[in-house]
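Working through the structure, step by step
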Amino acid sequence: MLPGDTLRHSNFQPQEAQDQPIYRAAGKGGKRVALTFDDGPYPGLTEQYLAVLEAHQATATFFVIGCRAERYPHLVRDMSSKGHEVGSHSWQHACLSKVNSLGAKEDLLRTARTLESITGKPVRYFRPPYGALGPGVMEAARELDESVVLWNVDPRDWTNPGPQAIIQRVLAQVRDGSIILLHEGRPGTLQALPILIRELRQQGYELVTLSELLSSSEKPSAAASPPQKEKGYRPPSVKETTYQPPSVSRTTYSPPQAGAGDKAPPAEQFPAPLPPKR
Ligand SMILES: [Zn+2]
């Protein structure tokens, strides 16, 4: 299935987890879009993302990795206290498409408990690493009352195309009700962010959290066709389920400097931020 397809329940209830993945707000999303940031938190960069959002009075949704949240709870607390939504992006960014429901549930539950203990709020949304879906993940999310959220705008910022390309790609794909996929820990994304916010607003878009976006939608419209840019999309292949981080990921990743007892996560917890690989 393609991102951008409307796969929402026809009897959408915004307060309940959905049985199908969500790619964008269905139906009347209005000129509202959700910025989503995956793979954080990242000390040294998350603060800057938050500062940009605050300076522009924009809200967003952060899909954080459980083990990173546990390591840097203050950043997750900041996200939440500044009005942003915090969703789950699994415990340590493993591909869960082949994991059975028990294994997936363990992962999601551990992540949810960690996030809830930090923010004091329930986790309502789960975004599977790599966008990789499987029956186990869907069942686990359903049991935990988390809606599975993907995206319908992907500028592939994880390939570090530069801020201009990120901005242009988002603007080319965005439409009412869009869920925009971006990543934490990416200086190019951070650079693009203030301009992107301004451009989206100039086009009349309001930036809202996922909860706001999804509760603003009404009944889904007839099957929306996927945006052109996503025509090349293919689901993650089996090969990618065993995907190992390229060494370049590690060399470009700068672990936070140890200070005040704040050590970088142990190596086995990486690769935390592996981008969706297609
Ligand atoms: Zn990710």
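Residues numbered from 1 in each chain as written. Predicted model: local features only at pLDDT ≥ 70, side-chain atom pairs only at ≥ 80, totals over all residues. Heavy atoms only, no water.

**Topic: the overall build of the chain**
The helix and strand tally for the chain stands at ten helices and seven strands. A buried classification covers 53% of the 278 residues belonging to the chain. Taking the contacts inside the chain whose residues are at least 6 apart along the sequence as the reference set, 80% of them involve residues at least 24 apart. Accessible area for the chain stands at about 12,100 Å²; split by element, carbon and sulfur atoms hold 49% of it. (Helix = DSSP H or I, 4+ residues; strand = E, 2+ residues; numbered from the N terminus. Buried < 20%, exposed > 50% of the residue type's maximum accessible area, 1.4 Å probe, protein only. Contact = heavy atoms within 4.5 Å. Areas by Shrake-Rupley, 256 points an atom, 1.4 Å probe, with all protein chains shown as cover.)

**Some points on the pattern of salt bridges**
A full pass over the atoms with the stated rule returns four salt bridges. In this structure, Asp38 engages Arg127 in a salt bridge whose closest nitrogen and oxygen atoms are separated by 2.8 Å. Of this pair, Asp38 sits in strand E1 (residues 32-38) while Arg127 sits in the loop between strand E4 (125-126) and helix H5 (135-143), and the two are 89 residues apart along the sequence. For the pair Asp38 and Arg127, a shared accessibility class is recorded, and that class is buried. (Salt bridge = Lys/Arg side-chain N within 4 Å of Asp/Glu carboxyl O.)

**Describing the confidence of the model for the chain**
Averaged over every residue, the pLDDT of the chain is 79; the share at 70 or more is 70%. Confidence drops under a pLDDT of 50 for residues 218-278, and excluding neighbours within four residues, the segment shows 118 contacts in the predicted structure. (pLDDT = per-residue confidence, 0-100.)

**So, the coordination of the zinc ion**
Bound to the zinc ion are the protein donor atoms Asp39 (OD), His89 (NE2) and His93 (NE2), situated 2.1 Å from the metal. If you list the donors of the zinc ion from N- to C-terminus, the spacing comes out as D-x49-H-x3-H. A single burial state applies to His89 and to His93, both of which are buried. (Donors = N, O, S within 2.8 Å, 3.2 Å for Na, K, Ca; no water.)

**Thoughts on the nonpolar core**
In terms of nonpolar packing, the biggest core is built from 36 residues, with Leu35, Phe37, Leu53 and Ile180 touching the most fellow members. Those elements that place two or more of their residues in this core are E1, helix H1 (46-55), strand E2 (61-64), helix H3 (73-81), helix H4 (101-119), helix H6 (163-173), strand E6 (179-183) and helix H7 (187-202). It is H7 that contributes the most residues to this core, six residues altogether. Among the nonpolar cores identified, the runner-up in size contains 15 residues, and Trp151, Val208, Leu213 and Leu214 belong to it. (Core = buried A, V, L, I, M, F, W, Y, C linked by side-chain atoms within 4.5 Å.)

**Notes on the packing of H3 against H4**
Running from N to C, H3 and H4 point in directions that differ by 65 degrees, and their axes come no closer than 9 Å. With respect to H4, the axis of H3 lies roughly perpendicular. The two elements H3 and H4 meet at a crossing, and its hand is right-handed. Where H3 approaches H4, its residues Pro73, Val76, Arg77 and Ser80 are matched on the opposing element by Leu115, Ile118 and Thr119. (Axes fitted to C-alpha atoms, helices over the stretch in contact; angles between N-to-C directions. Parallel < 35°, antiparallel > 145°, perpendicular 65-115°, else oblique. Left-handed = near helix turned anticlockwise from the far one by under 90°.)

**Examining the environment of Lys121**
By secondary structure assignment, the location of Lys121 is in the loop between H4 and E4. Dropping the residues within four chain positions of it, Lys121 is found in contact with Ser80 and Glu116. Engagement of the side chain of Lys121 in a polar contact is seen with the side chain of Ser80, the distance being 2.9 Å. (Polar contact = N/O pair within 3.5 Å; in protein donor to acceptor, adjacent residues only side chain to side chain.)

**Overview of the packing of aromatic side chains**
In total, this model carries two aromatic pairs according to the counting rule given. For the ring pair Phe37 and Tyr49, a centre distance of 5.4 Å and an interplane angle of 90 degrees mean the geometry is edge-to-face. In this pair, Phe37 is assigned in strand E1 and Tyr49 in helix H1, connecting sequence segments twelve residues apart. Pair check on accessibility: Phe37 and Tyr49 agree, each one buried. Of the aromatic side chains, those joined through ring pairs into one cluster are Phe37, Tyr49 and Phe62. Across the ring face of Tyr205, the terminal group of Lys31 is positioned such that the distance to the ring centre comes to 4.5 Å. (Phe/Tyr/Trp six-rings, centres within 6.5 Å; stacked < 30°, edge-to-face > 60°. Lys NZ or Arg CZ within 6 Å of the ring centre and 35° of its normal.)

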